[in-house]
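Residue-level structural notes
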Amino acid sequence: MADSDDIVLALISHILHRQGYIVDVAGSAEEAESHLAANMPDVALLDSKLRGGGADWMRRCIPDGERRLIILSSGPFDADVPAVAILRKPIEFGLLVETVAACVQSPD
């Protein structure tokens, strides 16, 4: 999971940990890219306005069919990025947990 906002990062990480997930966190695109290259997460949660990120960066890091992506966005996000879902901030935590669970349980 990657988000430039330390509070959002801590909250979402805490919620997902409480649900039993192992959560790897990053506060910048560079750090997230390093984590994604080293590990194959079941789900990647990325902030649409991640420092150093953006739609081109997301397409490069999350190739079609390779990983499941959930985009966290505080505004409109119309980029052509292969995402399972786009969750609007402020994040509704029940929806976040449901979306992550659906991604993890999905056979694709």
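Residues numbered from 1 in each chain as written. Predicted model: local features only at pLDDT ≥ 70, side-chain atom pairs only at ≥ 80, totals over all residues. Heavy atoms only, no water.

**Section: the layout of surface pockets**
In this structure, the largest pocket occupies an estimated 420 Å³ of space. Those elements that provide at least two residues to the lining of the largest pocket are α2 (29–38), β1 (43–47) and α4 (93–105). The element best represented in the lining of the largest pocket is β1, accounting for four residues. Taken together, the residues of the lining of the largest pocket sort by class into 18 nonpolar, two polar and two charged. (1 Å grid on protein atoms, 1.4 Å probe; cavity = no way out; pocket = protein on both sides within 12 Å on 5 of 7 lines; lining within 4 Å. Points joined across faces, edges and corners; volume = space filled by probe spheres on them. Helix = DSSP H or I, 4+ residues; strand = E, 2+ residues; numbered from the N terminus. Nonpolar A, V, L, I, M, F, W, Y, C, P; charged D, E, K, R; others polar.)

**A closer look at the nonpolar core**
With 17 residues, the main nonpolar core has L46, W57, M58, I62, L69 and V81 as its most contacted residues. Mapped by element, the contributors of at least two residues to this core are α2, β1, α3 (55–61) and β2 (68–73). Looking at which element gives the most residues to this core, the answer is α3, with four residues. Counting 15 residues, the second largest nonpolar core, distinct from the first, contains M1, I70, I91 and V100. (Core = buried A, V, L, I, M, F, W, Y, C linked by side-chain atoms within 4.5 Å. Buried < 20%, exposed > 50% of the residue type's maximum accessible area, 1.4 Å probe, protein only.)

**Thoughts on the confidence of the model for the protein**
With 94% of its residues at a pLDDT of 70 or more, the protein has an overall mean of 89. Within the protein, helix α1 (residues 6–18) carries the highest mean pLDDT (96), whereas α3 carries the lowest (84). (pLDDT = per-residue confidence, 0-100.)

**Side note on the pattern of salt bridges**
As a working rule, side chains carrying opposite charge can pair if their charged atoms are close by. Taken as a whole and assessed by the stated rule, the structure comprises four salt bridges. A salt bridge links D3 to K89, with the nearest nitrogen and oxygen atoms 2.7 Å apart. Remark: K89 occurs in the loop between β3 (85–88) and α4 and D3 occurs in the segment before α1; sequence separation between them is 86 residues. The class of D3 is buried, set by a relative accessible area of 0%. A salt bridge links D56 to R59, with the nearest nitrogen and oxygen atoms 2.5 Å apart. In this pair, D56 and R59 are both assigned in helix α3, three residues apart and thus about one turn of the helix distant. Connected through salt bridges with shared partners, the residues D3, D47 and K89 form a single ionic network. (Salt bridge = Lys/Arg side-chain N within 4 Å of Asp/Glu carboxyl O.)

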